[in-house]
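Geometric and topological summary
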Amino acid sequence: MQWTAQFLLSAFSPVHFPKDSAPEIAFLGRSNVGKSSLLNALVGEKAARVSSTPGRTRAINFFLVSDEREKRRAIFADLPGYGYAKISKSISAEWPAFIEPYLAERGSLALCICLVDANVPPRPNDRQLLEWLRARGRNYVVVATKIDRMSGNERTRNLAALRRGLDVEEILPVSAKTSFGIKELWRRIAEAGTEGPRD
Ligand SMILES: Nc1nc2c(ncn2[C@@H]2O[C@H](COP(=O)(O)OP(=O)(O)OP(=O)(O)O)[C@@H](O)[C@H]2O)c(=O)[nH]1
Ligand SMILES: [Mg+2]
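The present account deals with the structure reproduced in this document. (Residues numbered from 1 in each chain as written. Chains lettered and ligands numbered in written order. Predicted model: local features only at pLDDT ≥ 70, side-chain atom pairs only at ≥ 80, totals over all residues. Heavy atoms only, no water.)

1. So, unusual backbone geometry
The condition that has to hold: Under the scheme used here, helices are H or I runs from DSSP no shorter than 4 residues and strands are E runs no shorter than 2 residues, and both carry numbers assigned from the N terminus. For each residue, the accessible area found with a 1.4 Å probe, counting protein chains only, is set against the maximum for its type, and the residue is called buried under 20%, exposed over 50%, and partly exposed in between.
Not every positive phi belongs to a glycine, and aspartate 167 is a case in point at roughly 60°. For aspartate 167, the position within the fold is in the loop between helix H5 (152-166) and strand E7 (171-173). Phi at serine 179 is positive, roughly 70°, even though this residue is not glycine. Along the chain, serine 179 falls in the loop between E7 and helix H6 (182-193). We classify serine 179 as partly exposed; its relative accessible area is 42%.

Following this line, the structure appears as structure tokens:
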């Protein structure tokens with residue numbers, strides 16, 4: 001597969017959202033969890049801006065991802081992170097107001113990739129987001145990022161704690177650094193419905 005990612009636009013309000021012309025995959029998670037890095041690892045290029053300063057992105061950045069040979073297309077939406085401020089009370093209090101309507105109403109949203117850091121214990125705001133997505137019947141997959149930072153035993157322990165704490169059956173371990181888990185995540189994305197060739 002040879003994917004290319006083309007930056008479309010940064011949206012600060014629903015009027016800026018691009019036409020929903022292809023199945024959309026949203027990247028959700030706390031600031032600094034590795035959303036932009038994972039997006040880049042999936043497409044194999046530096047499309048999204050990676051920053052060591054958490055909370056930089058306040059917009060939804062849309063990318064058109066395509067495989068010209070196979071005639072497949074998807075839109076990747078890199079969302080602003082939540083939960084960086086230590087005093088945060090809820091997700092919505094610190095997330096730009098247009099994120100909630102995006103998640104609730106975007107017709108083409110096919111899959112939410114919910115990222116949690118494999119090195120960090122379960123957090124209430126991650127759990128809260130997952131409950132919110134479940135309540136609205138959104139299709140999601142939870143991935144644990146930065147898995148390269150830990151040994152086998154620690155991995156198993158942390159992933160079990162995250163599954164328990166977030167009340168989910170399955171968490172896919174991934175690393176943007178080593179590309180661990182990227183193939184499996186692509187499989188999930190394709191399942192959720194990238195637009196394939198029509199005969
Ligand atoms: N070791 C390791 N570091 C990673 C991985 N993914 C991301 N990072 C690092 O984590 C930091 C944050 O990565 P980003 O991809 O910018 O995180 P983000 O979730 O997009 O952050 P915001 O846009 O601020 O919400 C950067 O310093 C990355 O290099 C990974 O798989 N392994
Ligand atoms: Mg980012």
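2. Points about the pattern of salt bridges
Note the threshold: Salt bridge, as used here, is a side-chain nitrogen of Lys or Arg placed within 4 Å of a carboxyl oxygen of Asp or Glu.
Per the stated rule, a full pass over the model turns up seven salt bridges. Measuring nitrogen to oxygen at the nearest pair gives 3.0 Å for the salt bridge that ties arginine 188 to glutamate 184. Taken together, the residues arginine 188 and glutamate 184, both in helix H6 and four residues apart, mark about one turn of the helix. The exposure class of glutamate 184 is partly exposed, given its relative accessible area of 26%. Glutamate 191 is paired through a salt bridge with arginine 187; the nearest N and O atoms lie 3.1 Å apart. Of this pair, glutamate 191 and arginine 187 both sit in helix H6, four residues apart, which is roughly one turn of that helix. Residue arginine 187 is classed as partly exposed on the basis of its relative accessible area of 43%. Through salt bridges with shared partners, a single ionic network connects Glu170, Glu184, Arg187, Arg188 and Glu191.

3. With respect to the packing of aromatic side chains
Using the following cut-off: Pairing of aromatic side chains requires ring centres within 6.5 Å, counting the rings of Phe and Tyr and the six-membered ring of Trp. Pairs whose planes differ by under 30 degrees are stacked, by over 60 edge-to-face, and all others tilted.
Enumeration over the complete set of coordinates arrives at seven aromatic pairs. Plain terms: the ring middles of phenylalanine 7 and phenylalanine 63 are 5.6 Å apart, the flat faces sit at 65° to each other, and that makes the pair edge-to-face. Taken together, the residues phenylalanine 7 in strand E1 (residues 4-11) and phenylalanine 63 in strand E3 (residues 60-67) connect sequence positions 56 residues apart. Judged by relative accessible area, phenylalanine 7 falls into the partly exposed class, the value being 46%.

4. Things to note about the state of the cysteines
Each disulfide consists of one covalent bond between the sulfur atoms belonging to two cysteines. Selection rule: In plain terms, two cysteine sulfur atoms within 2.5 Å form what is called a disulfide here.
Applying the stated criterion across every chain, the model contains zero disulfides. Not part of a disulfide, cysteine 114 finds its nearest cysteine sulfur in cysteine 112, a span of 5.6 Å.

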